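Structural overview
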2 protein chains.
Amino acid sequence: MTRKSSSVTIRDVARHAAVSVATVSRFINRNAPVSQEVAERIQQVMLDLNYKPHTTARQLATRRTLTVGLVIHNMHTDFFAPLLSGIEAVVSENQYNLLVATYDYKTHHHRPLPIGPHNTDGLLSYSDCLNEEQLTDLGRQKFPVVLIHRTAPPHLRIPFVTVENKAATRKLISHLIQVHGRRSIIFMRGPSEQEDSYWREQGYRDALDEHGIPFQSDLILCGEFNRTAAYAAFKRFLARKHPPFDAIFTGDDDAAIGVFKALKEAGLRVPEDVSVVGFDDARLSSFLNPPLTTVRAPTHQVGSTAAALLFDLIQERPIEACTLLPTEIVLRRSCGCAYENPGEPFYDVVR
Amino acid sequence: MTRKSSSVTIRDVARHAAVSVATVSRFINRNAPVSQEVAERIQQVMLDLNYKPHTTARQLATRRTLTVGLVIHNMHTDFFAPLLSGIEAVVSENQYNLLVATYDYKTHHHRPLPIGPHNTDGLLSYSDCLNEEQLTDLGRQKFPVVLIHRTAPPHLRIPFVTVENKAATRKLISHLIQVHGRRSIIFMRGPSEQEDSYWREQGYRDALDEHGIPFQSDLILCGEFNRTAAYAAFKRFLARKHPPFDAIFTGDDDAAIGVFKALKEAGLRVPEDVSVVGFDDARLSSFLNPPLTTVRAPTHQVGSTAAALLFDLIQERPIEACTLLPTEIVLRRSCGCAYENPGEPFYDVVR
DNA sequence: GGGATTAGTGTAACCGGTTACATTAAAGCA
DNA sequence: TGCTTTAATGTAACCGGTTACACTAATCCC
């Protein structure tokens, strides 16, 4: 294998500065007094030799990695950019590094999780990338973990950060019913076992109940929170014998793009023939034609909050066990509202 | 500090299995024969004790981290999602981890680079996050580095991956001149020292030259490749005494969003009054109103190519020193073209 | 002035793995 | 049968830091 050019170690520095390695270490870490004179000598030698402390060795000795891990299943959708950005901001503020692993127990369960107590000080886990067994295992080791977009199994005391899904969805669906008179509303599920999808569906059902509209299982499709799958699922729906519909809740904004396309191909107009609404308020949602009515989720803030929580955990500060960030519905034209939003996306009608 | 619950080590496993640590290590790494019987015993003990090899210790002993680093200055724009996604795909395919650091020598130069030979096996560096001195330093240690969206200083033999900026820009500007009769074209620069910006400006100048249009320095603005800065810069331009203009090359797509907004506020129509063109073909560009004419840069592929190159370097395979990925102009409506693109963004008129 | 404290330093064990080298027993071969 | 090869294993040094403990000399305090 690659033989690294033998690098200069703390012992080299010690020898050249005519002191012990302990003294050099103390100088570097400033955790014990070192005389002025010796300090200067060490400083000079370090420069001369271009010495860089060996991160890995230090990690082994101190059992602290100054790194946090993030597990996500992939980065294929726009959703992850603001999430990552929020996490990254807090991580670098704390002078930590971020180790990113794409891992999903459903597809990688034969492979051990590449992130854990042995290479990070704490872990952020998105959605259902880890299963309960893995979480239990980490919990048993008292390893700091914060869950993102999923709640923790109650017997594990793992803090989590997610967004308010149910009430916002209920409000959005109610809006379709009350304001726009829609009654046959398609619901597109996300990936199964995705909690967001579950709660959004509850909100959808609640809204129907509230207005006395019976739930119809053949209005439930699977959009997978992704434009391509949503397009395909909706095409299949249109092709087969299906009940009439006058609105679609696409589950998330990315799926709405696929639905827009399928509707266009079918010659159906949005919002005249069909109201379309999404969830997330992704960066491009206000640019769609028509602009997409959706629920604004503070994804960047989800990331930063989760990361902040993780540092609280790592530093053993008291923490908030569960954080449910508020969402708000954003009315644009795709539901049938006629608001003109000048200068989108800078201004939105929010309520 | 946090005292980790003492974890089970290879010596514990060895003791319980009544073998030496070497044998356990061999069994784990499958790099020397171990008898069937002993193998089973070790396997069982590992399960019983829930033993997990200590990544850091292994890294120290083998001097291989199975991790690659990525240095970017931030993740604030949409540009990074496809880049990261491309990198990530190749990294996880190679069963490596990805360590992400946001670092910029201009703002962090007092702080040492958190990524290097001591915690990664190779490094991807975006644009001008690292300065020449830092690159030289890494080069001297023969540390594998691949540059993204910048060329390497010639005396350092560092491979790089970037996109074809100049010819595409020249073609795009020529299109504005020849097809749409534009002659007073604003050019928005990106961040100074950004190579992409430099080459795009060269392409812009070449196109002017080619058509005998004199270069006007007061048509050069600074958009910073970002919507907010571009909006502000363009507002300032409009507010002061300025030469007439009939087109804008915004430097990149994100900046185009800010320009769109400022134009709308000024009551100028796109493309009737002003042609607007960008660069990148970001995910939302085809959704803008009007859809943005731009240059398609294979950003995902830039990421995957750079990562693949880095692995070639790490594994000491022969490599391509410089990779210039092709770009193509994408005509939509913002320049004045009248193509109807059915089902944007799935189909584009590309040429 | 004598005991207690503190500044400044060194020695060596330790973190948890890998691996060069040595050793023994079994298998292969003439 | 005797010699060489190979399978299987153990011992201990090593990777490059940190830090507990020991020690000396100087300073403080009553």
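Residues numbered from 1 in each chain as written. Chains lettered and ligands numbered in written order. Predicted model: local features only at pLDDT ≥ 70, side-chain atom pairs only at ≥ 80, totals over all residues. Heavy atoms only, no water.

1. A closer look at the overall build of chain A
We count it as follows: Runs of H or I in DSSP of at least four residues are treated as helices and runs of E of at least two as strands, each being numbered from the N terminus. Here the globule rule is a power law, 2.2 Å times the number of residues to the power 0.38, and the radius of gyration is based on C-alpha atoms. The rule is simple: take the accessible area with a 1.4 Å probe, protein chains only, and divide by the maximum for that residue type; under 20% is buried, over 50% is exposed, in between is partly exposed.
Of regular secondary structure, chain A possesses 12 helices and 12 strands. Against the 2.2 N^0.38 benchmark of 20 Å for 351 residues, chain A shows a C-alpha radius of gyration of 26 Å, more extended than a compact globule. The C-alpha extent of chain A, read off along each of the three principal axes, is 85 × 45 × 45 Å. The buried share of chain A, taken over its 351 residues, is 54%.

2. A look at the packing of helix α2 (residues 21-29) of chain A against helix α3 (residues 36-49) of chain A
How two helices sit against one another is set out by the angle between their axes and by the gap between those axes. All names here are of chain A. The criterion, for reference: Lines fitted to C-alpha atoms define the axes, with helix axes restricted to the stretch in contact, and inter-axis angles between N-to-C directions lie between 0 and 180 degrees. Reported orientations rely on four angle classes, namely roughly parallel under 35 degrees, roughly antiparallel over 145, roughly perpendicular from 65 to 115, and oblique for the rest. Only heavy atoms enter the contact rule, under which two residues are in contact if any of them lie within 4.5 Å.
As a packed pair, α2 and α3 sit with axes 10 Å apart at the nearest point and diverge in direction by 90°. Compared by their axis directions, α2 and α3 come out roughly perpendicular. Residues T23, V24, F27 and I28 of α2 form the contact with α3, whose participating residues are V38, A39, I42, Q43 and M46.

3. Some details on the pattern of salt bridges
Residues and elements named next belong to chain A. Put simply, the rule is: Each salt bridge in this description consists of a side-chain nitrogen of Lys or Arg and a carboxyl oxygen of Asp or Glu lying within 4 Å of one another.
The final tally for this structure, using the stated rule, is 42 salt bridges over all chains. Across the pair K106 and D128 runs a salt bridge whose closest N-O atoms are separated by 2.9 Å. Here K106, found in helix α6 (residues 105-108), pairs with D128, found in the loop between β3 (122-126) and α7 (132-140); they are 22 residues apart in sequence, far enough to count as distant. You can call K106 partly exposed: its relative accessible area is 36%. For D128, a relative accessible area of 9% gives the class buried. With a shortest N-O distance of 3.0 Å, D137 and R140 are connected by a salt bridge. Highlighted residues: D137 and R140, both in helix α7, separated by 3 residues, approximately one helical turn. By relative accessible area, R140 is classed as exposed at 59%.

4. Describing the packing of aromatic side chains
The condition is simple: Aromatic contacts are taken between Phe, Tyr and Trp rings whose centres are within 6.5 Å, Trp giving its six-membered ring; a plane angle under 30 degrees counts as stacked, one over 60 as edge-to-face, and the others as tilted. Any Lys NZ or Arg CZ that is within 6 Å of a ring centre and within 35 degrees of that ring's normal is treated as a charge sitting over the ring.
Applying the stated criterion to the full structure yields 22 aromatic pairs over all chains. Both rings, one in F234 of chain B and one in F237 of chain B, keep their centres 5.9 Å apart while their planes meet at 15°; by these two values the pair is stacked. Of this pair, F234 of chain B and F237 of chain B both sit in helix α10 (residues 227-239), 3 residues apart, which is roughly one turn of that helix. Accessibility classification places F234 of chain B together with F237 of chain B in one group, the buried group. Taken together, the aromatic side chains of F187, Y204, F215 and F249 of chain A make up a single cluster linked through ring pairs. Positioned above the aromatic ring of F27 of chain A, the side-chain terminus of R30 of chain A is 4.7 Å from the ring centre.

5. A closer look at the domain arrangement of chain A
Many structure descriptions define interface size as the accessible area lost when the parts assemble. Our working definition: Residue ranges for the domains originate in an automatic or database domain assignment.
Domain annotation of chain A identifies domain 1 (10-53), domain 2 (67-164 + 299-325) and domain 3 (166-298). Computed from C-alpha atoms alone, the centre-to-centre distance between domain 1 of chain A and domain 2 of chain A is 38 Å.

6. So, the pairing of strand β11 (residues 322-325) of chain B
All names here are of chain B. Quick reminder of the rule: Whether two strands pair depends on DSSP finding at least two bridges between them.
Where burial is concerned, the two faces of β11 differ: the one with T323 and L325 is buried and the one with C322 and L324 is not. Examined bridge by bridge, strand β5 (residues 160-163) and β11 share 4 bridges and lie parallel to one another. Within β11, the residue paired with V161 across the bridge is T323.

7. Concerning the protein's contact with DNA strand C
Which entries qualify depends on this criterion: For this purpose, a residue is taken to be near a molecule or strand whenever a single non-hydrogen atom of the residue falls within 4 Å of it. Within 3.5 Å is the distance limit for a polar contact, defined as a pair of N or O atoms, with the added protein rule that one can donate a hydrogen and the other accept it, and that residues adjacent in sequence qualify only through two side-chain atoms.
If you check the shell around DNA strand C, you find 31 residues, and the closest are S20 and S35 of chain A together with I10, R11 and S25 of chain B. Of what DNA strand C places within 4 Å of the protein, 59% of the atoms are sugar or phosphate. Here a base nitrogen of DNA strand C and a side-chain polar atom of R26 of chain B are 3.5 Å apart. In this structure, a phosphate oxygen belonging to DNA strand C sits 3.3 Å away from a main-chain N or O atom of H54 of chain B. Elements supplying a minimum of two residues to the surface near DNA strand C: α2 and α4 (55-62) of chain A together with α1 (10-17), α2 (21-29) and α4 (55-62) of chain B.

8. Looking at the environment of V295 of chain A
Residue and element names in this part refer to chain A. Counting through the fold element by element, V295 comes out in strand β10 (residues 294-296). Spatially, the C-alpha atoms of V295 and L172 are 7.7 Å apart, while their sequence positions differ by 123 residues. In this structure V295 touches A168, L172, G278, F279, D280, D281, T327, E328 and I329, once residues within four positions along its chain are discounted.

9. Details of the nonpolar core
We apply this condition: Here, the term nonpolar core denotes a set of buried Ala, Val, Leu, Ile, Met, Phe, Trp, Tyr and Cys residues that are joined through side-chain atoms within 4.5 Å.
One finds F234 of chain A together with F234 of chain B to be the most contacted residues of the largest nonpolar core, which totals 150 residues. Sequence-distant contacts of F234 of chain B, defined by excluding residues within four places in its chain, comprise I186, M188, L221, F245, I248, V259, A262 and L263 of chain B. Among the nonpolar cores identified, the runner-up in size contains 36 residues, and A101, F143 and I158 of chain A together with F160 of chain B belong to it.

10. Overview of the sheet that holds strand β5 (residues 160-163) of chain A
Taken in spatial order, the 12 strands of this open sheet run β11(A)-β5(A)-β4(A)-β3(A)-β1(A)-β2(A)-β2(B)-β1(B)-β3(B)-β4(B)-β5(B)-β11(B), and their pairing is mixed. In this open sheet, the two edge strands, each paired with only one partner strand, are β11 (322-325) of chain A together with β11 of chain B. Geometrically, the sheet is characterised by an average inter-axis angle of 20° between neighbouring strands, direction not taken into account. With 4 bridges joining them, β3 of chain A and strand β4 (residues 145-148) of chain A adopt parallel strand pairing. Residue pairing in the sheet places L123 of chain A in a bridge with V145 of chain A of β4 of chain A. Sheet strands in contact with helix α12 (residues 299-314) of chain A are β1 (67-72), β3, β4, β5 and β11 of chain A, and its direction is about 165° off that of β4 of chain A.

11. Regarding the protein's contact with DNA strand D
Stated formally: Gly counts as polar in this scheme, as do all residues outside two lists: the nonpolar Ala, Val, Leu, Ile, Met, Phe, Trp, Tyr, Cys and Pro, and the charged Asp, Glu, Lys and Arg.
Neighbouring DNA strand D are 32 residues; I10, R11 and S25 of chain A together with S20 and R26 of chain B lie closest to it. Taking all atoms of DNA strand D within 4 Å of the protein, the share assigned to sugar and phosphate is 61%. One nitrogen or oxygen atom from the main chain of H54 of chain A is found 3.3 Å from a sugar or linking oxygen belonging to DNA strand D. Elements that contribute at least two residues to the surface near DNA strand D include exactly α1 (10-17), α2 and α4 of chain A together with α2 and α4 of chain B. Of the residues contributing to the surface near DNA strand D, the split by class is 17 nonpolar, 10 polar and 5 charged.

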